[in-house]
Amino acid sequence: MNRPRIPALGLMAFTLFAGPAQAASPGNDPAALARIRDTAMGSNYAWERTADMTDLIGPRLSGSKGAAAAVEQVAEAMRQLGAKVTLQPVKVPHWVRGLETGELVEYRGRPAGVTQQVVLTALGGSGATPAGGLRAEVIVVKDFDELKARGAEVKGKIVLFDVPFDQQMADGGLAGPAYGQGSNYRVNGPRVAAEMGAAAALVRSVGGANYRLPHTGSSGLQDGARIPAAAVTVEDAMLMSRLARRGPLAMRLVLTPKILPDADSFNVIADWPGTDKADEIVIVSGHLDSWDLATGAHDDAAGVASAMAVFETLKTLDYRPRRTIRMIAWMNEENGTRGARGYLDAHGANAGKHVGAIESDNGAGRPFGLRASVPASASGLFAPLQAALQPIGAGVFQRLDALSTGDLSGLERAGVPSFAPLVDTSTYFNYHHTAADTLDKLDPDNLRRHVAVMSATAWFLANVEEPVGRAVVPAAAGH
Ligand SMILES: [Zn+2]
């Protein structure tokens, strides 16, 4: 009985020494998921990449030098980690901001010689006024119904949509839907006003910012009906509303943006190859472009950096996934989603080989867990992932029929389940698309939690036995 114990000890010693080499494929073992979480929580990699993007490059609007520099910077960082990097060419809109001023020049009770400056910023895709500006009467409406009711007054006027952002909704955990309600007027208001003959359109800034900061974003205007369009600050929209109630209000508006020919740009695609199922893909992603007023720290340098950091986590642990994990830094999410469309054109036929796609694009607030468009029957499969994320307060699993996010919605419609960190966005819209979306607004601990959520989720999907598939959307829910 003694003899067998000696070789057994010898075998045990051998196993211990062989440990690091064998640790390459620990699958979805709870200990492996916990190690991924802890490694992410101990790393500054995502913070460093976010700082590189925001401090060294700055704004990254599609077509700009900043966007081109970001492509190079992210590709190089991925190469340094040892990923296989591809730059996928895409043509992007190239809109460039010009001068932008507003001045209230006529209103009842105006002392002689007095005018008032309005703080505003052009919306993406806005048309231009004459160089010297345009002067027109302003009509203030609270919604589309009022605009229609006053249709006879619109021609030649500047229309202001004075629609408040529902901060109470945002405080209650529904910042996304609140933003959707407000941005509906930014995206559709200028077009509707243009169709009714307005000379220009203004919207009350969407979001909770109350330091007189305007909030830009895409206007939805198209060639042929490209009137000047701008967002005024919440404070100035309220002022204009009050003055319009006293009597006729007129303003001088100067907006001189330009639309240049579409520019050459790229999605950055970096692969961390899988082992036995290398042809199946899990996407982790964020978008590389940002609006031009600030450095896009929350939106979306933090998302890209969190996706990049998934590889750093796995490299640190020397973990190889069964399926290939693909990091994508999408180009042009903000004003065209040409990057997402380009990817779909090139890889849509292969959608069936994509077992899941993750994008972080809701800012770097504290993550509470995960949102996922998987079938209800699959929710239980994620219990080990939830258990691994619970110690950092990110164990919630919110199942939805569809996430419908900007870059992933095409893949989602093609049958690929979408995933996104479920984050606290109650203050996100104070900064998002304003001049205040800068690195100092990010919390390094929350960014590490993002990396932990992204890394553990990507790993889980890359090793799960059978792909979970996407939620079946009831016909009535289709758009
Ligand atoms: Zn974004």
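Up top you'll find the structure we're talking about.
Residues numbered from 1 in each chain as written. Predicted model: local features only at pLDDT ≥ 70, side-chain atom pairs only at ≥ 80, totals over all residues. Heavy atoms only, no water.

**Notes on the coordination of the zinc ion**
Within the first shell, the zinc ion binds the protein through H287 (NE2), D299 (OD) and D361 (OD), at distances of 1.8 to 2.1 Å. Ordering the donors of the zinc ion by residue number gives the pattern H-x11-D-x61-D. With H287 in strand β11 (residues 277-287) and D361 in the loop between β13 (354-359) and β14 (367-372), this pair connects stretches of sequence that are 74 residues apart. For D361, a relative accessible area of 17% corresponds to the buried category. (Donors = N, O, S within 2.8 Å, 3.2 Å for Na, K, Ca; no water. Helix = DSSP H or I, 4+ residues; strand = E, 2+ residues; numbered from the N terminus. Buried < 20%, exposed > 50% of the residue type's maximum accessible area, 1.4 Å probe, protein only.)

**Quick notes on the packing of aromatic side chains**
Here the structure, examined in full by the defined rule, presents 13 aromatic pairs. For the pair Y179 and F429, a centre-to-centre distance of 4.4 Å together with 15 degrees between the ring planes defines the contact as stacked. Here Y179, found in helix α7 (residues 175-195), pairs with F429, found in helix α13 (residues 428-431); they are 250 residues apart in sequence, far enough to count as distant. Taking the relative accessible area as the measure of exposure, F429 reaches 6% and is therefore buried. Here a set of aromatic residues connected by ring pairs shows up, and it is made of F165, Y179, Y428 and F429. (Phe/Tyr/Trp six-rings, centres within 6.5 Å; stacked < 30°, edge-to-face > 60°.)

**Focus: the environment of P89**
For P89, the location among the structural elements is in strand β1 (residues 84-96). Taking the C-alpha atoms as reference points, P89 and V268, 179 residues apart in sequence, are found 9.0 Å from one another. Excluding its chain neighbours within four sequence positions, the residues that come into contact with P89 are S265 and F266. (Contact = heavy atoms within 4.5 Å.)

**Quick notes on the environment of G339**
With respect to the helices and strands, G339 occurs in helix α10 (residues 338-347). Separated by 25 residues in sequence, G339 and L314 place their C-alpha atoms 26 Å apart.

**Quick word on the nonpolar core**
With 73 residues, the main nonpolar core has V74, M78, L288, F311 and M327 as its most contacted residues. Look past the residues within four positions of V74 in its chain and what remains in contact with it is M53, V268, L288, V304, M308, M327 and A329. Judged by nonpolar contacts, the second largest core, of 26 residues, contains W95, V118, L120 and L249. (Core = buried A, V, L, I, M, F, W, Y, C linked by side-chain atoms within 4.5 Å.)

**Remarks on α10**
Every buried residue of α10 is listed here: G339, A340, G342 and Y343. For α10, the angular spread of buried residues about the axis comes to 160 degrees, placing them on one side. In this structure, the buried side of α10 is in contact with β1, β10 (258-272), β11, β12 (323-330), β13 and α12 (409-413). (Arc of directions from axis to C-beta.)

**A closer look at the pattern of salt bridges**
Tallying each qualifying case throughout the model produces 24 salt bridges. Across the salt bridge formed by R191 and E195, the nearest N and O atoms sit 3.3 Å from each other. Linking R191 with E195, this pair stays in helix α7, spanning four residues, or about one helical turn. Between R338 and D262 there is a salt bridge; the shortest N-O distance is 3.2 Å. A residue pair is termed long-range when its members are at least 10 positions apart, and R338 in helix α10 and D262 in strand β10 qualify at 76 residues. On the basis of relative accessible area, D262 is assigned to the partly exposed category, the value being 41%. Residues joined in a network through salt bridges with shared partners are E48, R49 and D52. (Salt bridge = Lys/Arg side-chain N within 4 Å of Asp/Glu carboxyl O.)

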